[in-house]
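Structure assessment
What follows is each chain in one-letter form.
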Amino acid sequence: MSEGGGKGKKRSKQFYRKSAAKKKKGLESLEVGMKGFLITCNKDEKSCVREAYNIFNEYADRIYGPEHMSESSSDEDDPDDIDAALKKETKKLKAQDAKKDRRFQSVRSGANNVVFIKSQIHSPSEFAQRIVSDVAESKKKVVRHVQRIIPVDGTCKANIEQIKNLCSVLPKPVLHHAESRTKTYAVDFKARCNNSLKKTEVVDMLAREFIVRFGYHVVDLKYPDYTIICQVIKNVCCMSIVKDFYDLHRYNLHLISWENTSTENETAVGEDSAKRGHMNDSEQGESNNSNQEIGQGEGATGQGEGATGSVPHDQEYKDIDQVEEDKEQKKKSNENLFKEDPPPNLPIWISDMLEADRETS
């Protein structure tokens, strides 16, 4: 502010650009010539990077051995030599400020919810295939924030000619199928923050280039043997050729673990229902056996008492008819009881009524 109390000079745009550049100092952006992995996540990119580092370092230590950082070993200097100590300290500070080439290093991709992990390993596609296959076999959920792991074996400028040249030098994965069987392929294209490339043109060009390079292959959009991955972010195209891409849910770790969990639940439900059905069958068999034993016991007691346990059906029907006839005869006898021989000491009005009935009959 000025001494007179007026407002200070307005800051220019260059000032804010410099301050923004200072904040982003040390963060490298996705560039042509890099290779590594595109990691998709859901908003929380820092946690996604942390999980990706943990998984990648675990598998890299298992496959390639632990990582050793190359540090320049200097001779031991005299502790009394102050100049040598200062020079050594400045070298350490410069080495810390300089960017070290680590085995895995996060860079800015230029798109939201997408992280690029730059790598120094030879074949990112084989490395990603190893991780995804192990997750599918182990049937365990190993990540929370990482969604898809897309290997990138090469990058180039986002134009048709350079994409064609990059496709001609990409390594082709080895399949374990029989060589006599016709192979299938598909193209997986995705563009982010880019409107200059048309999907149909890129897909047609990659399909022709794939056939020219590897021979005749049949297109299969559901479960192809080979998949040409083409991911465009701004002006950089990331490419690789992988196998069993759609069989493994496009390398989506969440879907792979969810499918394994659902199949385990269905298997458990089927086993429980089978056990219940077996228990019900056994209980029903026991009840049938007990009923047969009870029937045999009743038949034995009936035979001991003189009952007809195994009587023919005709005889049973005759016995029922005889019982009905006995009932009818007893009913008639009860009706004629008062008419033929009235009992003594009846009321007068009942005796008069009986006499009237006798006269009419």
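A short tour of the structure in this document, coming up. Residue numbers here run from 1 along each chain, matching the order of that chain's written sequence. Note on the predicted model: pLDDT of at least 70 is required for a residue's local features to be given, and 80 or more for side-chain atom pairs to be given and counted; whole-chain, interface and lining totals, by contrast, use all residues. Excluding hydrogens and water, the side-chain values take into account all heavy atoms of the structure.

**Here we look at the packing of aromatic side chains**
Geometry of aromatic contacts follows a simple scheme: Phe, Tyr and Trp rings, the Trp one being its six-membered ring, pair when their centres are within 6.5 Å, and the pair is stacked under 30 degrees between planes, edge-to-face over 60, tilted otherwise. On inspection of all chains with the given rule, the structure shows 12 aromatic pairs. Geometrically, the ring pair formed by Tyr 185 and Phe 210 is stacked, given 5.0 Å between the ring centres and 25° between the ring planes. Of the two residues, Tyr 185 is situated in strand E6 (residues 184-192) and Phe 210 in helix H6 (residues 199-214); the sequence distance between them amounts to 25 residues. Of the residues examined, Tyr 185 reaches a relative accessible area of 4% and is grouped as buried. Pairwise contacts between aromatic rings join Phe 37, Phe 56, Tyr 64, Phe 104 and Phe 127 into one cluster. Criterion for a charge above a ring: Lys NZ or Arg CZ within 6 Å of the ring centre, and within 35 degrees of the ring normal. A cation sits over an aromatic face here: Arg 62 above Tyr 59, 4.5 Å from the ring centre. The secondary structure listing takes helices from DSSP runs of H or I that are at least 4 residues long and strands from runs of E that are at least 2 residues long, numbered from the N terminus. Accessibility here uses a 1.4 Å probe with only protein chains present; expressed as a share of the type maximum, an area under 20% marks a residue as buried, one over 50% as exposed, and anything in between as partly exposed.

**Looking at the pattern of salt bridges**
Only one rule defines a salt bridge in this text: a Lys or Arg side-chain nitrogen within 4 Å of an Asp or Glu carboxyl oxygen. Taken as a whole and assessed by the stated rule, the structure comprises 5 salt bridges. Among the ionic pairs, Glu 58 bridges to Arg 62, the shortest N-O distance being 3.1 Å. On the criterion of helical spacing, the pair formed by Glu 58 and Arg 62 is a turn pair, its members being 4 residues apart in helix H2 (residues 45-63). Its relative accessible area of 47% is what places Arg 62 among the partly exposed residues. Between Arg 103 and Asp 61 there is a salt bridge; the shortest N-O distance is 3.3 Å. Remark: Asp 61 occurs in helix H2 and Arg 103 occurs in the loop between helix H3 (82-97) and strand E2 (104-107); sequence separation between them is 42 residues. Among the residues examined, Arg 103 registers a relative accessible area of 12% and is labelled buried.

**Thoughts on H6**
Every α-helical turn comprises 3.6 residues, leaving residues that sit three or four positions apart pointing alike. For a helix, the expected span equals 1.5 Å multiplied by the number of residues minus one. Between its first and last C-alpha atoms H6 spans 22 Å; for 16 residues at 1.5 Å apiece the expected length is 22 Å, and the two agree. Of the positions making up H6, those classed as buried are Val 202, Met 205, Leu 206, Ala 207, Glu 209, Phe 210 and Phe 214. One or two steps after H6, the chain reaches Gly 215, where phi turns positive at roughly 95°.

**Observations regarding the pairing of strand E8 (residues 226-233)**
Looking along a regular strand, one sees the side chains alternate between the two faces of the sheet. Here E8 lies mainly inside the structure; 8 of its 8 residues are buried. Burial along E8 is two-sided: Tyr 226, Ile 228, Cys 230 and Val 232 facing one way and Thr 227, Ile 229, Gln 231 and Ile 233 facing the other are all buried. As paired elements, E6 and E8 share 8 bridges and run parallel to each other. Residue pairing for E8: Ala 191 is matched across the bridge by Val 232. In this description, strands pair whenever DSSP reports at least two bridges between them.

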